[in-house]
Amino acid sequence: MPDPSPDVDHLLDVAVAALGGSPREGQRRMAREVADAFAKKEHLMVQAGTGTGKSLGYLVPSVRHAVLEDQKVVVSTATLALQRQVMTRDLPLVAEALAPELPRPPKVALLKGWHNYVCVHKTEGGYPPDDQGMLFDLGDKGAADHPTPTQDADGEPAEKESLGAQVVRLREWAGATDSGDRDDLVPGVSDRAWRQVSVTSLECLGQKCPMLDECFPERARAAARAADVVVTNHAMLGIAASGSPHVLPEHQVLVVDEAHELADRVTAQSTAELSVGSVEHAGRMARRHGGIATTDLDGAAAALGAALIHLPEGRFTGGLPDGTRQAVAMVRDAARGLLSALRPEKPAAGEAPPADSGLKIATSAVLALFEVAERMAADPDDQRYTVLWCSRGERDGATRLYAAPLAVNGLIRTHLLAERASVLTSATLSLGGEFRSMARSIGLEGAGEAAAATASASAATVAVAPPGGSEGTTPEDAPDRLDVPVSAARSAGSTTLAWRGIDVGSPFDYPRQGILYIARRLPPPGREPATDAQLDEIEALVTAAGGRTLGLFSSRRAAVAVAEAMRERLDVPVLVQGEDQLPTLVRQFAQDEATCLFGTLSLWQGVDVPGRANQLVIIDRIPFPRPDDPVKSARSEAVAASGGNGFMSVAATHAALLLAQGAGRLIRSVDDRGVVAVLDPRLSTARYGEFLARSLPDFWRTTDREVALGALRRLAAPPSGPLAS
C-alpha cells in the first residue's frame, strides 16, 4: 500500500536510482524548495548550475504535486533538445519509477503548436494545393527548431533529398505515424515540404472537419487536458502570453526551464511583421481560394511599396511616418473589406454550414494581415508601448515593418504567472550576484503596471534572504525597471507578485577547475572585427592550449576574420560556424583535441563539449546589444525616462546573461579544467565590469597573461589538481 503522501526526498531517491544516477545535494535542495513553493502557491526562481540535475529537481516534485493535489502542472522548455530529453527520457522514467509510490500512476503528455502535427484531412486531399511562393514563416510561431533534411534527430548527417523526395517520404510517414508529430520524422524535412501536410491553427476547419476524430493536434490537446504533467515549449507560452491563453490546458502550476530565455521568446512571439510580400500573399489566397477580386488590396500593396522604397531603416520614436501610416491604413481597410466579402453565407435553417478548406485558408491569411496592419496603423498615442521599426533583409533586400511590445513582463505576469504557483529555473538567473534583474524581465518584480503609465519613480525595496537566496516585492513605482501596462484600463488595478530566489549551487569547484583571464592590457575593442593586438593574443592563447579552443564572437564578421587569420598563423584545424551544419561542426570539434571552433550566438548558448577538447573559451568582447537594436534601445530609454539606469537595466543585463552563458561552456563535468579568456579590458576597468564579472561562474580571476598561458601549457598533460593556487 503506497504512502498517501510520500516525502519528496524519498521520491527523488527512487527516481535517481531508476535513472542510474547518484544523489546530489543541490538537486535535493531544489526538489524540496520546489515542492514547498507548490504547496504554498509561491513564485520561486531557482538557479541550478550545470551538473546539478535540475530536470529531476523539478520533475519529481511536479509529478508528486500533480497526483497528490490533483493539480495540472505545465512544464516548458526553450529548446527542442531539452524538450526531447524531458519527454522521451526523464519524465517517462520518473513517472514509471514513482507510480508504485503514489496513489495512482501519473499521466504525462506533450503539447506543441498546431502546425507541428500532420493534418490528416490535408493528406487526404481535403485542402487545395499550397502557395509555392511562400514558406512556412507566415504561419503559427509555435515550434522550436526541428531536425533539417540533412540531419537526423541527434544532428547526425543524412543524405540530401530533393523537395519531391521529401514530400513522398513525408506522405508515406503520415499514413503510418501514431503521433503525427513532426519531430518523430527522422531525418527531418524542409519547411516547404512539411507545409504540404500541415495547417496552421487559423487554417484548421475545427469542429467542421470531417476527419476530426483522427486529428493529431486535437488528440494532443485531449491528452494534455487529461494529463497530470504537460510538457510544452516557450513558443507556446509566448502565444499564451500574447493573449491566447487557451492554447494551454487549464493548469494550476507552471514550471519554466531555461527561464532566462522566456522574455525574449515572448517578445519574438509578440512581434508582428508587414511587407509588400505578405500583403500580396494574402491577396493571392483571397483570389485563389476565396474567388473574390482584390482590387483595393492590390492598390494598397502598391501604395505600401511606394512608401517603403525611401523609408530609412531604424526605429520610429513617434510612430510611423504619416505617409507610411496612411499606406498601412489602406492595407488595413482593404483587408477588412475582404474579410466581409469572404464571410460564408448563412446556411438554410436546419442545415450545417459547409466545411470549405480553401475559404478557411483565404480567410486566415487576410485576417492575419488585417490584425498586423491594424496594430501598426493605430494612432501614435495608442502606440506608446509599441516599438516600431523598419529593416531591410540581408538576403532578399525586402523592406519590412515590425511592431514589438515595449515590454513583455506585464504580459508574462498577467497571462502566465498570476493566480498560479510557478517555478522558473536556469543555470543563469542570478546576474551581478542577485536575482532582481531577471525577476523584473519576467514579471515577478516591479509588478505594478501603473508606474510605467505615470513614469513616476521612487526607491525600490527588497528583502534579502540569507546567502544563496533572495526574495522581494517591489513597489509600483520602482525606478530601474521597465513595466508596461497590459491595457490602460487594467493598469491601476494590478497586484504585486511575491517571489523568492535561491541558488542551489553546482557540483563543480569553479575556483579550482577554471581561470577567468581578463586581457586588461589590450586596448578596448573598436568597430573593426578584430584588432592586431587581439589577433596576437588569440594566437598566443591557442598556441599554448594546443588548439582545443571554443571562440565566442560578437559577430559573424569577427568570427570569420579571426578564423582566417588563425588559419594563416597556426597549424591547427579551425572550424567556423556556417561552414557546415552546427551539430557536425560541434562533433568534429569534440572528436579532435587540436581543433578550434569559432562562431556566434548559437555557440554561446548551445554547446556542451566536456573533456580535453574544450579547455580554452575565448570571448572577443563584452556582448552588449547593438546600439541600433530597436527593442532594447527603446526599453533602455523607457527605463531612463522613469528615473532608472537604462544602460544597467537593459544593455548590461543583456551582456551579463550572455557572458554567463558563454563562460559556462568551459566546465561541463567535475573533471574539466581550463581557461576563459575575455579579450575586453572593460570587464576589469569599467564601473560596470564588476557587475558583469559577478554574473560569471566563480572562476579564479587574473589579469596576468603569463598565468593564463602557463595554465594552458600545463594542460597539455592531464591535470591532477587545481590550475592556480
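Throughout what follows, the structure given in this document is the object of discussion. On a predicted model such as this, the values are computed, not experimentally measured, just so you know.

## Digging into the overall build of the chain
Helix and strand counts for the chain stand at 27 helices and 19 strands. Considering only residue pairs separated by 6 or more positions, the chain has 79% of its internal contacts joining residues 24 or more positions apart.

## Some words on the side chain of Arg28
By secondary structure assignment, the location of Arg28 is in helix 2 (residues 25-40). For Arg28, a relative accessible area of 13% puts it in the buried group.

## Some words on helix 24 (residues 646-663)
Compared with the 26 Å implied by 1.5 Å per residue over 18 residues, the 25 Å span of helix 24 between its first and last C-alpha is a close match. By the largest-angle criterion, Ala652 marks the main kink of helix 24, which is about 35°. Of all 18 residues in helix 24, 15 are buried, a share of seventy percent or more. Where helix 24 begins, the capping side chain belongs to Asn645, and its oxygen is found 3.2 Å from the backbone nitrogen of Phe647.

## Describing the sheet that holds strand 9 (residues 399-405)
Strand order in this open sheet of four strands is 6-9-8-7, and the pairing throughout is antiparallel. In this open sheet, the two strands that pair with only one neighbour each are strand 6 (272-275) and strand 7 (314-315). Across seven bridges, the pairing between strand 8 (residues 386-392) and strand 9 is antiparallel. The residue of strand 9 that forms the bridge with Ser391 is Arg400. Contacts from helix 14 (residues 357-376) reach strand 6, strand 8 and strand 9 within the one sheet, and its direction differs from that of strand 6 by about 95°. The strands that helix 23 (residues 630-641) touches are strand 7, strand 8 and strand 9; relative to strand 8, the one it contacts most, it runs at about 150°.

## Here's the deal with the pairing of strand 12 (residues 499-503)
Summarising burial for strand 12: four of the five residues are buried, a large majority. Across five bridges, strand 1 (residues 43-47) lies against strand 12 in parallel orientation. Residue pairing for strand 12: His43 is matched across the bridge by Trp499.

## Quick look at the packing of helix 19 (residues 532-545) against helix 20 (residues 556-569)
At a minimum axis separation of 10 Å, helix 19 and helix 20 run at an interaxial angle of 55°. Our classification of the angle between helix 19 and helix 20 gives oblique. The way helix 19 lies across helix 20 gives a crossing that is right-handed. Between helix 19, through Leu535, Asp536, Ile538 and Glu539, and helix 20, the contact on the second element is made entirely by Val562, Ala565, Met566 and Arg569.

## Re the sheet that holds strand 16 (residues 596-599)
Pairing between sheet strands relies on hydrogen bonds along the backbone, with the strands arranged either parallel or antiparallel. Pairing within the open sheet is parallel, and its seven strands lie in the order 15-16-14-17-18-13-19. Looking at strand neighbours, the two that pair on one side only are strand 15 (574-576) and strand 19 (700-702), the edges of this open sheet. Strand after strand, the sheet turns through a mean of 15° between neighbouring axes, direction not considered. In this structure, strand 13 (residues 514-518) lies alongside strand 19, joined through three bridges in parallel fashion. Considered in strand 19, the bridge of Ile515 is made with Trp700. The sheet strands contacting helix 24 are strand 14 (549-552), strand 17 (616-619) and strand 18 (674-678), and the helix crosses strand 17 at an angle near 160°.

## Let's talk about unusual backbone geometry
Residue Val186 is joined to Pro187 through a cis peptide bond whose omega torsion reads -5°. Examined against the element boundaries, Pro187 turns out to sit in the loop between helix 6 (163-174) and helix 7 (191-194). Of note in the backbone geometry, Asp70 takes a positive phi value of approximately 55° without being a glycine. Among the secondary structure elements, Asp70 is positioned in the loop between helix 3 (54-69) and strand 2 (73-77). For Asp70, a relative accessible area of 61% translates into the label exposed. Phi at Arg548 is positive, roughly 50°, even though this residue is not glycine. Relative to the helices and strands, Arg548 is located in the loop between helix 19 and strand 14.

## Regarding the environment of Pro507
Looking at the element boundaries, Pro507 is found in the loop between strand 12 and helix 18 (510-513). On the basis of relative accessibility, which here comes to 42%, the residue Pro507 falls in the partly exposed class. Each C-alpha atom, one on Pro507 and one on Thr52, is 6.4 Å from the other, the two residues being 455 residues apart in sequence. When sequence neighbours within four positions are dropped, the list of residues in contact with Pro507 reads Thr50, Gly51, Thr52 and Val670.

## A short note on the pattern of salt bridges
One pass over the full model with this rule turns up 34 salt bridges. Two residues, Asp9 and Arg32, come together in a salt bridge whose shortest N-O distance is 2.8 Å. One end of the pair, Asp9, is in helix 1 (residues 8-18); the other, Arg32, is in helix 2, and 23 residues separate them in sequence. Residue Asp9 is classed as buried on the basis of its relative accessible area, which comes to 17%. Residues Arg705 and Glu537 are paired through a salt bridge, measuring 3.0 Å at the closest nitrogen-oxygen approach. Linking Arg705 in helix 27 (residues 705-714) with Glu537 in helix 19, this pair joins segments that are 168 residues apart in sequence. Among the residues examined, Arg705 registers a relative accessible area of 23% and is labelled partly exposed. The exposure class of Glu537 is buried, given its relative accessible area of 0%. Three or more residues joined by partner-sharing salt bridges are found here, namely Arg29, Glu33, Asp36, Lys40, Glu42 and Arg500.

Analysis parameters
Residues numbered from 1 in each chain as written. Predicted model: local features only at pLDDT ≥ 70, side-chain atom pairs only at ≥ 80, totals over all residues. Heavy atoms only, no water. Helix = DSSP H or I, 4+ residues; strand = E, 2+ residues; numbered from the N terminus. Contact = heavy atoms within 4.5 Å. Buried < 20%, exposed > 50% of the residue type's maximum accessible area, 1.4 Å probe, protein only. Expected span 1.5 Å × (residues − 1). Bend = angle between axes of the 7 residues up to and from the residue. Polar contact = N/O pair within 3.5 Å; in protein donor to acceptor, adjacent residues only side chain to side chain. Pairing = 2+ DSSP bridges. Axes fitted to C-alpha atoms, helices over the stretch in contact; angles between N-to-C directions. Parallel < 35°, antiparallel > 145°, perpendicular 65-115°, else oblique. Left-handed = near helix turned anticlockwise from the far one by under 90°. Salt bridge = Lys/Arg side-chain N within 4 Å of Asp/Glu carboxyl O.

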